[in-house]
Amino acid sequence: MNKILVIDDDQGVRMLYADELADEGYEGVTCGDGSRLMEFIKAERPDLVLMDIRLGKYDGLDLLQDIRNTFDKLPVIISTAYSSFRHDLKSIAAVDYVLKSSDLRELKLKIEMAFEGRKEFVSRRVSETTTQPGDQLHYTVWG
């Protein structure tokens, strides 16, 4: 079961996303702001991060850069009410950008696509590795 970390300062959004993700077969864990985010990611080891940009006193785009610097292969999807940040150069580090809506179909599709892209990346990396019969293949997704 894939684990998705939802970071949003709105408790209602966090609970909605967690419930919807559970209905889709994902394990959802939530975080209210960016305090101790990196420690939280290390402890929870999510397969994907779904985060807002406005996180109280924290800037989600700055946190995105922190995530990218430490967990470079961890897919992050930005889910926000602010379309203007889509063109911010910092947002390019996310695998996708989704505007918040009461209709979560687009968000769910982007999550599915992110996981499919990750599977293709892992498969490609494994197939590019030269092995001999009996060799043990060690592959770590998280840095």
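Below you will find a few notes about this structure.

Reading guide: rules and limits
Residues numbered from 1 in each chain as written. Predicted model: local features only at pLDDT ≥ 70, side-chain atom pairs only at ≥ 80, totals over all residues. Heavy atoms only, no water. Helix = DSSP H or I, 4+ residues; strand = E, 2+ residues; numbered from the N terminus. Buried < 20%, exposed > 50% of the residue type's maximum accessible area, 1.4 Å probe, protein only. Contact = heavy atoms within 4.5 Å. Areas by Shrake-Rupley, 256 points an atom, 1.4 Å probe, with all protein chains shown as cover. Arc of directions from axis to C-beta. Polar contact = N/O pair within 3.5 Å; in protein donor to acceptor, adjacent residues only side chain to side chain.

1. Focus: the overall build of the protein chain
Counting its secondary structure elements, the protein chain contains 4 helices and 7 strands. Tracing the protein chain from N to C terminus, the helices and strands come up as β-α-β-α-β-β-β-α-β-β-α. Taking all 143 residues of the protein chain together, the buried fraction comes to 38%. Counted over contacts in the protein chain with a minimum sequence separation of 6, partners at least 24 positions apart contribute 62%. Total accessible area on the protein chain is roughly 8400 Å²; 47% of this is exposed by carbon and sulfur atoms.

2. Things to note about helix α3 (residues 60-70)
Since there are 3.6 residues in each turn of an α-helix, residues three or four apart along the chain are aligned in direction. For α3, the set of buried residues is Gly 60, Leu 61, Leu 63, Leu 64, Ile 67 and Arg 68. Angular distribution of buried residues about the axis of α3 spans 155°; they occupy a single face of the element. Elements that come into contact with the buried residues of α3 comprise α2 (37-44), β3 (48-51), β4 (54-55), β5 (58-59) and β6 (76-80). For α3, the capping residue at the N-terminal end is Asp 59, with a side-chain oxygen 2.7 Å from the backbone nitrogen of Leu 61.

3. Quick notes on the side chain of Asp 52
Position of Asp 52 relative to the elements: it lies in the loop between β3 and β4. A residue is classified by how much of its surface remains accessible, and Asp 52, at 6% relative accessible area, is buried. Within the structure, Asp 52 has its side chain in polar contact with the side chain of Lys 100 (distance 3.0 Å). Not counting residues up to four positions away in its chain, the partners in contact with Asp 52 are Ile 7, Asp 8, Asp 9, Gly 60, Ser 79, Thr 80 and Lys 100.

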